[in-house]
Amino acid sequence: MKQILKMGLIALFAGALSASVGNAGTTKSSTFTEINEHYQAVWEALIDDNVKGVKKHAKAIERAAAGLSADFSAGRAGITADKQEVVKKALPEIVAAAKTLQTASGIDLSLI
């Protein structure tokens, strides 16, 4: 059974999102807004010590981040142009973390 480290992967998402967007904020209907909505759902599930819905939301995060990576624009990302290089670099990490989360079948709290 694959286990996930509760805070490790979530920290990766949070770190990648924070580093990418920083204080620039996002527009109302941006890819990062979409990613953040799914990230919040994953976070809430893990806070409740379960993985219910994690796979579905992780897949949505992967799809959104991969799509943005393939057809990148600052406007689509919902960021200012000065943040676009940082965001482009973070997208592969977000995709990789989302793929890992999709394989989660439990939470191993002993690793914390």
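Our structure is the block above this text.
Conventions and cut-offs
- In this convention, every chain numbers its residues from 1, walking through the sequence in written order.
- Per-residue local features are limited, in this predicted model, to residues with pLDDT of at least 70; the limit for side-chain atom pairs, both in listing and counting, is 80 or more; totals at the level of whole chains, interfaces and linings are taken over all residues.
- Values reported for side chains reflect all heavy atoms of the structure, with hydrogen atoms and water molecules removed beforehand.
- Grouping buried Ala, Val, Leu, Ile, Met, Phe, Trp, Tyr and Cys residues that are joined through side-chain atoms within 4.5 Å yields what is termed a nonpolar core.
- Buried residues are those whose accessible area, probed at 1.4 Å on protein chains only, stays under 20% of the maximum for their type, while exposed residues exceed 50% and partly exposed ones sit between those limits.
- Helix numbers and strand numbers start at the N terminus; a helix is a DSSP run of H or I with at least 4 residues, a strand a run of E with at least 2.
- Note on contacts: a residue pair is in contact if any heavy atoms of the two residues lie within 4.5 Å.
- Fitting a line to C-alpha atoms yields each axis, with helices limited to the stretch in contact; the angle taken between N-to-C directions then spans 0 to 180 degrees.
- An angle below 35 degrees is read as roughly parallel, one above 145 as roughly antiparallel, one from 65 to 115 as roughly perpendicular, and any other as oblique.
- Each crossing gets its hand from how the near helix is turned against the far one by less than a right angle, where anticlockwise is left-handed and clockwise is right-handed.
- Note on residue categories: nonpolar means Ala, Val, Leu, Ile, Met, Phe, Trp, Tyr, Cys or Pro, charged means Asp, Glu, Lys or Arg, and polar means any other residue, Gly included.

A word on the nonpolar core
Phase 1: One finds Phe32, Ile61, Phe72 and Leu91 to be the most contacted residues of the largest nonpolar core, which totals 23 residues.
Phase 2: When contributions to this core are tallied by element, the ones reaching two or more residues are helix H2 (31-47), helix H3 (54-70), helix H4 (74-77) and helix H5 (84-102).
Phase 3: The contact partners of Leu91, leaving out residues within four places of it in the chain, are Phe32, Ala65, Leu68, Ser69 and Phe72.

Here we look at the packing of H3 against H5
Phase 1: The N-to-C vectors of H3 and H5 enclose an angle of 155 degrees; their axes lie 8 Å apart at closest approach. The angle between H3 and H5 falls in the class roughly antiparallel. Along this stretch, H3 crosses H5, giving a crossing that reads as left-handed. Contacts between H3 and H5 involve Val54, Lys55, Ala58, Lys59, Ile61, Glu62, Ala65, Ala66, Leu68 and Ser69 from the first element and Leu91, Ile94, Val95, Ala98, Lys99, Leu101 and Gln102 from the second.
Phase 2: A class-by-class count of the residues in the contact of H3 with H5 yields 11 nonpolar, 2 polar and 4 charged.

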